[in-house]
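Structure at a glance
Below, each chain spelled out in residue letters.
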Amino acid sequence: MRSAMENFGFLLSRVFATTKPRRKAWPHVPGTYFVTDPHAPVAVTTLGSVALAEAVSRNAPAGLCIAGKVETENIGIEKIVKNVVSNPAIRYLVCAGNEPPRHLSGATLLALFANGIDERQRIPGAPGMRPVLPNTSAAEVQAFREQVQPVDLIGCTDVARIHARVVELAQAAAARPRL
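In what follows, the accompanying structure is described. In this convention, every chain numbers its residues from 1, walking through the sequence in written order. In view of the model being predicted, local features appear only for residues whose pLDDT reaches at least 70, and side-chain atom pairs are presented and counted only at 80 or more, with totals across whole chains, interfaces and linings using the full set of residues. In computing side-chain properties, one takes all heavy atoms of the structure into account and sets aside hydrogens as well as water.

**Remarks on the layout of surface pockets**
Gaps left between atoms show up when a probe the size of a water molecule is rolled over them. A cavity, in this analysis, means grid points on a 1 Å lattice covering only the protein atoms where a 1.4 Å probe fits yet has no way out; a pocket is instead an open set bounded by protein on both sides within 12 Å along at least five of seven lines, and a residue lines either one if it has an atom within 4 Å of a point. Grid points are joined across faces, edges and corners, and a volume is the space filled by probe spheres set on the points. The space that makes up the largest pocket amounts to roughly 340 Å³. Elements with a minimum of two residues in the lining of the largest pocket: strand 2 (42–45), strand 3 (64–68) and helix 3 (75–85). Strands are runs of DSSP state E lasting at least two residues, helices are runs of H or I lasting at least four, and both sets are numbered from the N terminus onward. With six residues, helix 3 is the largest single contributor of residues to the lining of the largest pocket. Ten residues, namely Ala, Val, Leu, Ile, Met, Phe, Trp, Tyr, Cys and Pro, are considered nonpolar, four, namely Asp, Glu, Lys and Arg, are considered charged, and the remaining ones, Gly among them, are considered polar. Of the residues belonging to the lining of the largest pocket, the class tally is 13 nonpolar, seven polar and three charged.

**Observations concerning the sheet that holds strand 5 (residues 149–154)**
The five strands are arranged 1-3-2-4-5 in an open sheet whose pairing can be described as mixed. Only two strands of the sheet have a single partner each, and these edge strands are strand 1 (33–35) and strand 5. The average undirected angle you get between the axes of adjacent strands in this sheet is 15°. Two strands qualify as a pair provided that DSSP identifies no fewer than 2 bridges between them. In this sheet, strand 5 lies alongside strand 4 (residues 92–97) in parallel orientation, the contact comprising six bridges. Residue C95 lies in a different strand from strand 5, and its bridge partner there is D152. The axes are straight lines fitted to the C-alpha atoms, using for helices just the contacting stretch, and the angles between their N-to-C directions are given from 0 to 180°.

**With respect to the packing of helix 2 (residues 50–57) against helix 6 (residues 159–175)**
Packing of helix 2 against helix 6 leaves a shortest axis separation of 10 Å and a crossing angle of 55°. In terms of orientation, helix 2 and helix 6 fall into the oblique class. The element helix 2 and its partner helix 6 pack so that their crossing is right-handed. Every residue of helix 6 that contacts helix 2 at L52, A55 and V56 is listed here: V159, I162 and H163. In what follows, roughly perpendicular refers to angles from 65 to 115 degrees, roughly parallel to angles under 35, roughly antiparallel to angles over 145, and oblique to any angle outside these ranges. The crossing is said to be left-handed when, going from far helix to near helix, the turn is anticlockwise and less than a right angle, and right-handed when the turn is clockwise. The contact definition used throughout considers only heavy atoms, calling two residues in contact when any of these lie within 4.5 Å.

**Remarks on the pairing of strand 4**
Here the term buried applies to any residue with accessible area under 20% of the maximum for its type, exposed to any over 50%, and partly exposed to those in between, with areas from a 1.4 Å probe on protein chains only. The element strand 4 is largely enclosed, with a buried count of six among its six residues. Note that strand 2 and strand 4 share four bridges and pair parallel. Bridge pairing in strand 4 places V42 opposite Y92.

**A word on helix 4 (residues 105–115)**
Here helix 4 has its buried residues at S105, G106, T108, L109, A111, L112 and F113. Buried positions along helix 4 lie against strand 2, helix 3, strand 4, helix 5 (138–147) and strand 5. The first or second residue beyond helix 4 is G116, which carries a positive phi of 70°.

**Some points on the packing of helix 3 against helix 4**
Taken N-terminus to C-terminus, the directions of helix 3 and helix 4 make an angle of 50°; their axes are 10 Å apart at the nearest point. By the criterion of interaxial angle, the relationship of helix 3 to helix 4 is oblique. With respect to the hand of their crossing, helix 3 and helix 4 are arranged in right-handed fashion. Contact residues: I77, I80 and V81 in helix 3; S105, T108, L109 and L112 in helix 4. The residue makeup of the contact of helix 3 with helix 4, split by class, is five nonpolar, two polar and no charged.

**A look at the side chain of T45**
With respect to the element layout, T45 can be found in strand 2. Here T45 falls in the buried class, since its relative accessible area comes to 1%. Once residues lying within four places of it in the same chain are set aside, the contact partners of T45 are G68, K69, V70, I80, L93, V94, C95, A96 and L109.

**Observations regarding the nonpolar core**
In terms of nonpolar packing, the biggest core is built from 26 residues, with I90, L93, L109, L112 and F144 touching the most fellow members. Within the residue set of this core, elements represented by two or more residues are strand 3, helix 3, strand 4, helix 4 and helix 5. Ignoring sequence-local partners within four residues, the contact set of I90 consists of W26, A40, P41, A43, C65, I66, V84, Q147 and V148. Counting residues in hydrophobic clusters, the runner-up holds 16 residues, among them V42, L64, L153 and C156. As used in this record, nonpolar core signifies buried Ala, Val, Leu, Ile, Met, Phe, Trp, Tyr and Cys residues forming a set joined through side-chain atoms within 4.5 Å.

See below:
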């Protein structure tokens, strides 16, 4: 049975922090991000840092599609899943930057790639406070896991290193045909 606080969290996530598509153009679900090339194969999440996302998008190398933050292990990750699945060009998701305290959205994203979601829409093995995706279906999560490969740069705040990894991944994507 859910606690009163957990029920309140679900209420908030369904009412105020919606992950329903709101835009006609991609990305459909609003958030704090910077689009550089919607046809490029690499997305970067800078976890809790908007400043790092902006720095990564500035003078971005070829291959960078979008950079943005994800602070929470639930609604934030839902936004990533929905926006990535709606853009088949994205093939890699780089998790960079410092983990938001207690939420651990980067480690939770990696757990999502490894384990998917269970019947209660929880992410097994995720260390975040409330790793539940109440507005995301198992089919969306499976499509996300099949479409995108995670790249773990958690803790890296060096823009040059992140850019270099984006270039490597874009070259790998160009050399590997889509299935």
